[in-house]
Amino acid sequence: MYVDFLIGDLEYFIFTNREKMNKLLESNRPPSYENSIEILEKFATGLAKTNQLINHLEEIEDYERIRNIFIVSSESLAWILFTLPSVAEQIPIFTEELNIKGQHILDLIGNNLLQIEMFIDNPKSSKDLNAEIKTGINEIAMALGYITKMIKKGSLES
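A brief structural summary. Everything numeric in this text was worked out from a predicted model, so none of it was measured.

### Structural notes on the overall build of the protein
Assigned secondary structure in the protein consists of five helices and two strands. Element order for the protein, N to C, with α for helix and β for strand: α-α-α-β-β-α-α. Considering the protein as a whole, with its 158 residues, one finds that 42% of them fall into the buried category. A sequence separation of at least 24 residues applies to 79% of the contacts in the protein between residues at least 6 apart. Total accessible area on the protein stands at roughly 8,700 Å², and carbon and sulfur atoms take up 52% of it.

Next comes the structure, spelled out in structure tokens:
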């Protein structure tokens, strides 16, 4: 039951925030500095929710529920993968420096997304879920959260 709540929570979070961001990005103007920080915060929160959901996979026996977890998790990662480059222009860091263990953050998101999408069609094989996926999503969430906090702190001190 708790997992169903987490699935619904992540779906609602993605849906409501994706709409807001799409409106910002459709204006054909880069998002403002403040909007970029807000978007990064939403990404970090969405990834934290995704990570929380994936951490419950081992206790679930219903393959349809597992499939739903992978679907919503892939939506979360895809949303970030395709939106982050538009936001990165406005944040005061060099996007080429967004590396985690020597891998660019977009590559890490993309690799995790591909692995998760393979499990959508075959949720039974997810019992062999790679710890790398869990670790990767957690590290991305922590990195984006840290970057957001540092940017906010820097803007307050300026």
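Read on, since the account is not over.
### Things to note about helix H1 (residues 2-26)
The terminal C-alpha atoms of H1, which comprises 25 residues, lie 36 Å apart, in line with the 36 Å expected from a rise of 1.5 Å per residue. When H1 is considered as a whole, its buried residues turn out to be Val3, Leu6, Ile7, Leu10, Phe13, Ile14, Asn17 and Met21.

### Describing the layout of surface pockets
Estimated volume of the largest pocket: approximately 160 Å³. Lining the largest pocket, in full, are Ile100, Lys101, Gln103, Leu108, Asn111, Asn112, Gln115, Glu132, Thr135, Gly136 and Glu139. Contributions of two or more residues to the lining of the largest pocket are made by helix H4 (105-121) and helix H5 (131-157). Residues that form the lining of the largest pocket fall into these classes: two nonpolar, six polar and three charged.

### What to know about H4
The first and last C-alpha atoms of H4 sit 25 Å apart over 17 residues, in line with the 24 Å expected at 1.5 Å per residue. Buried within H4 we find Ile105, Leu108, Ile109, Gly110, Asn112, Leu113, Ile116, Phe119 and Ile120.

### Points about the packing of aromatic side chains
Going through the model one piece at a time under the given rule, you end up with four aromatic pairs. With centroids separated by 5.2 Å and ring planes inclined at 85°, the aromatic side chains of Phe43 and Trp79 adopt a geometry described as edge-to-face. Of this pair, Phe43 sits in helix H2 (residues 33-54) while Trp79 sits in helix H3 (residues 63-88), and the two are 36 residues apart along the sequence. Accessibility expressed as a relative area gives 0% for Phe43, which makes it buried.

### Notes on the pattern of salt bridges
Pairing is possible between side chains of opposite charge, provided their charged atoms come close. The final tally for this structure, using the stated rule, is five salt bridges. Across the salt bridge formed by Asp9 and Lys49, the nearest N and O atoms sit 2.6 Å from each other. Highlighted residues: Asp9 in helix H1 and Lys49 in helix H2, separated in sequence by 40 residues. The class of Asp9 is partly exposed, set by a relative accessible area of 25%.

### Comments concerning the side chain of Thr83
Checked against the element boundaries, Thr83 lands in helix H3. Among the polar contacts listed, one links the side chain of Thr83 to the backbone oxygen of Trp79, at a separation of 2.7 Å. Once residues lying within four places of it in the same chain are set aside, the contact partners of Thr83 are Met21, Leu25 and Phe43.

### What about the packing of H1 against H2?
Each pair of packed helices can be described by the angle between their axes along with the distance between the axes. One way to put it is that H1 packs onto H2 with a least axis distance of 10 Å and a crossing angle of 160°. As judged from the angle between their axes, H1 and H2 are roughly antiparallel. Here H1 and H2 pass one another in a crossing that is left-handed. Where H1 abuts H2, its residues Tyr2, Val3, Leu6, Ile7, Asp9, Leu10, Phe13, Asn17, Met21 and Leu24 lie against Asn35, Ile39, Lys42, Phe43, Thr45, Gly46, Lys49, Thr50, Gln52 and Leu53. The residue makeup of the contact of H1 with H2, split by class, is eleven nonpolar, six polar and three charged.

Thresholds, definitions, all that
Residues numbered from 1 in each chain as written. Predicted model: local features only at pLDDT ≥ 70, side-chain atom pairs only at ≥ 80, totals over all residues. Heavy atoms only, no water. Helix = DSSP H or I, 4+ residues; strand = E, 2+ residues; numbered from the N terminus. Buried < 20%, exposed > 50% of the residue type's maximum accessible area, 1.4 Å probe, protein only. Contact = heavy atoms within 4.5 Å. Areas by Shrake-Rupley, 256 points an atom, 1.4 Å probe, with all protein chains shown as cover. Expected span 1.5 Å × (residues − 1). 1 Å grid on protein atoms, 1.4 Å probe; cavity = no way out; pocket = protein on both sides within 12 Å on 5 of 7 lines; lining within 4 Å. Points joined across faces, edges and corners; volume = space filled by probe spheres on them. Nonpolar A, V, L, I, M, F, W, Y, C, P; charged D, E, K, R; others polar. Phe/Tyr/Trp six-rings, centres within 6.5 Å; stacked < 30°, edge-to-face > 60°. Salt bridge = Lys/Arg side-chain N within 4 Å of Asp/Glu carboxyl O. Polar contact = N/O pair within 3.5 Å; in protein donor to acceptor, adjacent residues only side chain to side chain. Axes fitted to C-alpha atoms, helices over the stretch in contact; angles between N-to-C directions. Parallel < 35°, antiparallel > 145°, perpendicular 65-115°, else oblique. Left-handed = near helix turned anticlockwise from the far one by under 90°.

Interpretation note: all reported values are geometric properties and have no functional meaning in isolation.
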